[in-house]
Amino acid sequence: MKYTHFNELPPNNRTNFVMLYFATCRTLKKLEADIRRQQNGLLTATQFRCIKLLYRKLSQMSGRWKAKS
């Protein structure tokens with residue numbers, strides 16, 4: 001998967017940060033549930049750490065956004 005650099009993203013006035021935050025949280029929960037389903041309810045330590053890190057970074061981003069508002 002090729003990622004777009006942050007500076008290259010065009011502005012989007014149809015979405016807001018709160019909507020994106022909750023959509024991302026739902027997607028992370030679905031990803032975790034799918035991985036658990038495939039591995040009989042267990043996550044490896046690396047998978048758990050990666051999902052937790054993504055959630056932590058998402059929380060940090062929302063904290064920065066709230067501080068600017």
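Quick notes on the rules
- Residues numbered from 1 in each chain as written.
- Predicted model: local features only at pLDDT ≥ 70, side-chain atom pairs only at ≥ 80, totals over all residues.
- Heavy atoms only, no water.
- Patch = residues over 30% accessible without salt bridge, like charges linked within 9 Å, V, L, I, M, F, W, Y side chains within 5 Å.
- Areas by Shrake-Rupley, 256 points an atom, 1.4 Å probe, with all protein chains shown as cover.
- Salt bridge = Lys/Arg side-chain N within 4 Å of Asp/Glu carboxyl O.
- Helix = DSSP H or I, 4+ residues; strand = E, 2+ residues; numbered from the N terminus.
- Buried < 20%, exposed > 50% of the residue type's maximum accessible area, 1.4 Å probe, protein only.
- Expected span 1.5 Å × (residues − 1).
- Arc of directions from axis to C-beta.
- Contact = heavy atoms within 4.5 Å.

Chemist: Can you walk me through a nonpolar patch on the surface in this structure?
Modeler: Taken together, V18, F22 and W65 make up a surface patch of nonpolar side chains, about 280 Å² in accessible area. Position of V18 among the secondary structure elements: in helix α1 (residues 17–38). Of the residues examined, V18 reaches a relative accessible area of 41% and is grouped as partly exposed.

Chemist: What am I meant to see in α1 here?
Modeler: An α-helical turn contains 3.6 residues, so a residue and the one three or four places further along point in the same direction. Here α1 is 22 residues long and its end C-alpha atoms lie 32 Å apart, about the 32 Å a rise of 1.5 Å per residue gives. Turning to α1, its buried residues number three or more, namely Y21, C25, L28 and I35. Down the axis of α1, the buried set is contained in an arc of 95°. They therefore lie on one face. Pointing more than 90 degrees away from the buried face of α1 are the exposed residues K30, R37 and Q38. Summarising the contacts, the buried residues of α1 are in contact with α2 (45–68). Just beyond α1, the residue with positive phi is N40, at close to 55°.

Chemist: So what exactly am I meant to see when it comes to the pattern of salt bridges here?
Modeler: A side chain with one charge can pair with a side chain of the opposite charge if their charged atoms come near. According to the stated counting rule, one finds 2 salt bridges in the structure shown. A salt bridge links R36 to E32, with the shortest nitrogen-to-oxygen separation between them at 3.1 Å. Of this pair, R36 and E32 both sit in helix α1, 4 residues apart, which is roughly one turn of that helix. The partly exposed category is assigned to R36, whose relative accessible area is 30%. Using a relative accessible area of 23% as the deciding quantity, one classes E32 as partly exposed. Between D34 and R37 there is a salt bridge, and its shortest N-O distance comes to 2.7 Å. Highlighted residues: D34 and R37, both in helix α1, separated by 3 residues, approximately one helical turn.

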